Amino acid sequence: MKTSDNRKRRAVVIGGSMAGLFAASLLRRVGWDVDLYERSDVELFGRGAGIVTHDELLRALTDAGASLADLGVSINERVALDSTGKPIERLAYPQIVTSWDRLHSLMRATIPHENHHLGCNLQDIRQDADGVTAVFSNGRSEQADLLIGADGFRSTVRARFLPQVTPEYAGYVVWRGLADERDLSPEVHAAIFEKFAFFLPAHNEIIGYPIAGPNNDLRAGSRRFNWVWYRRADAELLKSMLVDEEGLQYDVSIPPPKIRRDVIDGLKSDAKGFLPWPFYESLLGIDRPFFTPIYDHFSPSMVFGRVALVGDAASVGRPHIGMGVTKAAEDGQSLARCLASPEIDVADGLARFNAERVPAAWRAFASGRELGEFMHKSGSAVPPEERERWKELHSVSAMLKHTASSSFVREVRLQQPAPATSSSNQSEQI
Ligand SMILES: Cc1cc2nc3c(=O)[nH]c(=O)nc-3n(C[C@H](O)[C@H](O)[C@H](O)COP(=O)(O)OP(=O)(O)OC[C@H]3O[C@@H](n4cnc5c(N)ncnc54)[C@H](O)[C@@H]3O)c2cc1C
């Protein structure tokens with residue numbers, strides 16, 4: 001990939017998590033010179049929890065040159081429990097479940113150290129007809145032919161071009177935690193480990209599946225159970241949950257170590273008698289479960305001159321669809337495909353990328369909202385004319401089929417709004 005003065009084209013990528021790593025790696029493979037800048041001072045190893053994979057993600061990992069060996073745990077079925085812990089629905093559904101940490105380390109290995117820069121917090125962007133410049137708060141500035149904003153849901157890059165697009169709180173949080181496989185009783189293990197397990201009472205979703213142990217240990221007995229509970233929390237309750245032990249108020253989310261003990265104890269006491277025993281007993285093996293408030297947003301454009309948005313910076317769908325990493329990976333594939341030809345003008349390639357990926361971002365955003373409706377409505381309150389649709393989307397068998405399923409996202413029914421109105425009706429903004 002050469003410019004008219006015969007130098008390789010250069011891209012700077014802002015953000016070193018999934019979207020940044022995929023974009024950087026895939027553009028490198030089609031001949032671009034790429035440097036990645038992450039604001040964290042330390043490598044992002046050892047963080048995160050479980051991730052469900054899809055065939056699309058496996059293809060993107062292969063395209064990026066990442067190894068698929070020991071990717072995660074292969075499971076074959078989904079099972080829904082009733083409140084007594086009895087299985088009420090089963091669905092054969094082979095899938096590989098893995099961890100954010102595993103995917104991050106596989107992708108991190110595809111970027112040479114000399115092109116990966118930590119401690120670089122993007123502060124400003126300047127662009128003209130010849131190029132784009134990233135300005136960092138440490139005084140560094142970098143010029144390139146293309147800047148990729150992979151800086152997450154509170155993106156500095158997006159705020160520069162689409163200040164009106166801000167994440168909207170969904171009215172619920174996700175509690176998560178990892179229980180060691182060896183701490184689970186044989187009964188709990190048999191009931192919910194080595195499968196994708198669900199409990200679906202009104203206004204809640206509880207799920208769990210196995211992932212590797214620390215250092216990607218996939219040996220039986222050394223793995224962990226990824227425990228998840230979506231729970232409603234109105235804005236007032238959320239605000240109180242975002243206060244740490246010292247009384248410090250956080251505004252959007254709170255770092256896991258800062259969550260107050262009484263908030264965690266409250267979760268555990270609410271779980272008693274409400275969760276089926278396998279989910280409750282596995283929770284007892286998790287000392288500090290943590291919560292993340294659920295937000296979503298949609299950007300009606302992903303390209304601004306020589307700047308492109310990818311991953312969560314561009315849009316976020318509610319996590320029931322389990323597509324965050326896959327969408328980020330597909331954004332990177334599309335960018336690389338659209339900018340691969342040495343003949344293509346950057347603006348033309350980016351226009352093609354925008355045309356491909358904005359509709360895909362919409363599908364993730366809209367399908368996440370559709371699937372997440374059960375958090376605020378319940379089947380018994382649905383008017384007769386909506387019952388058929390409700391059953392198709394939210395009956396127990398439908399939830400087993402649609403949760404973390406890329407085919408559900410492809411089939412989304414909701415119409416994409418015209419760009420001018422896409423972010424105008426967001427109510428509770430951060
Ligand atoms: C440490 C970590 C752990 C995670 N664990 C999970 C998980 O277990 N399960 C799950 O479903 N999702 C997890 N996620 C979120 C998941 O990665 C995303 O939802 C999805 O993969 C899309 O990723 P992204 O790269 O677009 O955004 P993000 O993953 O949010 O990454 C954005 C990156 O940009 C960096 N950044 C932000 N602002 C700037 C700036 N101004 N300058 C430079 N860099 C900047 C951030 O430090 C971050 O590394 C995690 C994210 C992180 C960062």
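Residues numbered from 1 in each chain as written. Predicted model: local features only at pLDDT ≥ 70, side-chain atom pairs only at ≥ 80, totals over all residues. Heavy atoms only, no water.

Student: Sorry if this is basic, but what is going on with the nonpolar core here?
Tutor: The nonpolar side chains of a soluble globular protein tend to be buried, and buried together. Within the largest apolar cluster, 69 residues are counted, with the highest numbers of intra-cluster contacts made by Phe-22, Leu-61, Leu-147, Ile-148 and Leu-335. Once residues lying within four places of it in the same chain are set aside, the contact partners of Leu-61 are Phe-22, Ala-66, Leu-68, Leu-71, Leu-103 and Met-107. With 37 residues, the next largest nonpolar core counts Val-173, Ile-264, Ile-286 and Phe-291 among its residues. (Core = buried A, V, L, I, M, F, W, Y, C linked by side-chain atoms within 4.5 Å. Buried < 20%, exposed > 50% of the residue type's maximum accessible area, 1.4 Å probe, protein only. Contact = heavy atoms within 4.5 Å.)

Student: Can you help me understand the site of the ligand in this one?
Tutor: The local shell around the ligand holds 27 residues, among which Ser-17, Glu-38, Ala-49, Trp-100 and Asp-312 are the closest. One of the side-chain nitrogen or oxygen atoms of Asn-121 is found 3.0 Å away from a nitrogen atom of the ligand. Here a nitrogen atom of the ligand sits 3.4 Å away from a polar atom, N or O, in the side chain of Thr-156. Here the ligand has 910 Å² of accessible area as a free molecule, and 82% of this is covered by the chains. Of all the secondary structure elements, the ones that give two or more residues to the shell around the ligand are helix H1 (18-29), strand S3 (50-52) and helix H9 (324-338). When the residues that make up the shell around the ligand are grouped by side-chain class, the tally is 12 nonpolar, 9 polar and 6 charged. (Near = heavy atom within 4 Å. Polar contact = N/O pair within 3.5 Å; in protein donor to acceptor, adjacent residues only side chain to side chain. Areas by Shrake-Rupley, 256 points an atom, 1.4 Å probe, with all protein chains shown as cover. Helix = DSSP H or I, 4+ residues; strand = E, 2+ residues; numbered from the N terminus. Nonpolar A, V, L, I, M, F, W, Y, C, P; charged D, E, K, R; others polar.)

Student: Sorry, what's going on with the pairing of strand S13 (residues 205-211) here?
Tutor: Consecutive residues of a regular strand have side chains that alternate between opposite faces of the sheet. In terms of burial, S13 is a largely internal element, 7 of the 7 residues being buried. Burial along S13 is two-sided: Glu-205, Ile-207, Tyr-209 and Ile-211 and Ile-206, Gly-208 and Pro-210, pointing in opposite directions, are all buried. The pairing of strand S12 (residues 196-199) with S13 spans 3 bridges and is classified as antiparallel. Across the sheet, residue Phe-199 finds its bridge partner in S13, namely Ile-206. What sits between S12 and S13 in their antiparallel hairpin is a turn of 5 residues, with His-203 showing a positive phi close to 65°. Where S13 meets strand S14 (residues 224-232), 7 bridges bridge the pair, whose relative direction is antiparallel. Paired with Ile-207 across the bridge in S14 is Val-228. (Pairing = 2+ DSSP bridges.)

Student: Would you take a moment to explain the sheet that holds strand S1 (residues 10-14) for this structure?
Tutor: The strands making up a sheet associate through hydrogen bonds between their backbones, and the pairing can be parallel or antiparallel. A sheet is described by the order of its strands in space; here 6 strands give the open sequence S6-S2-S1-S10-S17-S16, paired in mixed fashion. One side of each edge strand has no neighbouring strand; the edge strands of this open sheet are strand S6 (116-117) and strand S16 (303-304). Of the pairings in the sheet, the one linking S1 to strand S2 (residues 33-37) comprises 5 bridges and is parallel in character. Counterpart to Arg-10 in the pairing with S2 is Asp-33. Against the sheet, H1 makes contact with S1, S2 and strand S10 (146-149), and its axis sits at roughly 165° relative to S2, the strand it touches most. (Axes fitted to C-alpha atoms, helices over the stretch in contact; angles between N-to-C directions.)

Student: Sorry, what's going on with the pairing of strand S8 (residues 131-136) here?
Tutor: Judged by how many residues are buried, S8 sits mostly within the fold: 6 of 6 residues are covered. The alternating pattern of S8 places Gly-131, Thr-133 and Val-135 on one face and Val-132, Ala-134 and Phe-136 on the opposite face, and all of these are buried. When strand S7 (residues 122-128) meets S8, the two strands line up antiparallel, connected through 6 bridges. Considered in S8, the bridge of Arg-126 is made with Thr-133. Between S7 and the antiparallel strand that follows it, S8, lie 2 residues.

Student: How should I be thinking about the side chain of His-104 in this particular structure?
Tutor: Here His-104 shows up in helix H3 (residues 100-108). Dropping the residues within four chain positions of it, His-104 is found in contact with Gly-16, Met-18, Leu-21, Leu-44 and Phe-45.

Student: Help me out: how do you make sense of helix H7 (residues 261-271) in this one?
Tutor: One turn of the α-helix equals 3.6 residues, which is why residues spaced by three or four share an orientation. Those residues of H7 that sit buried are Val-263, Ile-264, Leu-267, Lys-268 and Ala-271. Looking straight down H7, one finds that the buried residues subtend no more than 140° of arc, so they occupy a single side. Buried positions along H7 lie against strand S11 (168-180), S14, helix H6 (235-241), helix H8 (277-284) and strand S15 (290-298). (Arc of directions from axis to C-beta.)

Student: Would you mind going over the environment of Leu-393 with me for this structure?
Tutor: Following the sequence through the fold, Leu-393 ends up in helix H11 (residues 387-394). Overall, Leu-393 belongs to the buried group, its relative accessible area being 0%. Taking the C-alpha atoms as reference points, Leu-393 and Phe-225, 168 residues apart in sequence, are found 27 Å from one another.

Student: Please clarify how the domain arrangement of the protein chain should be interpreted in this entry.
Tutor: Often the size quoted for an interface is simply the accessible area lost on bringing the parts together. Each assigned domain of the protein chain is listed here: domain 1 (10-65 + 103-166 + 297-374 + 402-421) and domain 2 (76-96 + 168-295). Taking only C-alpha atoms into account, the centre of domain 1 sits 28 Å from that of domain 2. A combined buried area of about 1800 Å² lies between domain 1 and domain 2, and 53% of that area is made up of carbon and sulfur atoms. The largest per-residue losses of area from domain 1 upon contact with domain 2 belong to Ala-49, Phe-374 and Thr-403, which jointly make up 27% of the total buried on that side. (Domains from an automatic or database assignment. Buried area = accessible area lost by both parts, 1.4 Å probe.)

Student: It is not clear to me how the sheet that holds S3 should be interpreted in this structure. Could you clarify?
Tutor: Read from one edge to the other, the open sheet built from 9 strands follows the order S3-S5-S4-S12-S13-S14-S11-S15-S18, with strand pairing classed as mixed. Each edge of the open sheet is held by one strand with a lone partner, namely S3 and strand S18 (315-316).

Student: Help me out: how do you make sense of the pattern of salt bridges in this one?
Tutor: A complete count under the given rule lists 23 salt bridges for this structure. Among the ionic pairs, Arg-357 bridges to Asp-331, the shortest N-O distance being 2.6 Å. Taken as a pair, Arg-357 in helix H10 (residues 346-372) and Asp-331 in helix H9 lie far apart in primary sequence, 26 residues in all. As far as burial versus exposure is concerned, Arg-357 and Asp-331 are alike and both buried. (Salt bridge = Lys/Arg side-chain N within 4 Å of Asp/Glu carboxyl O.)

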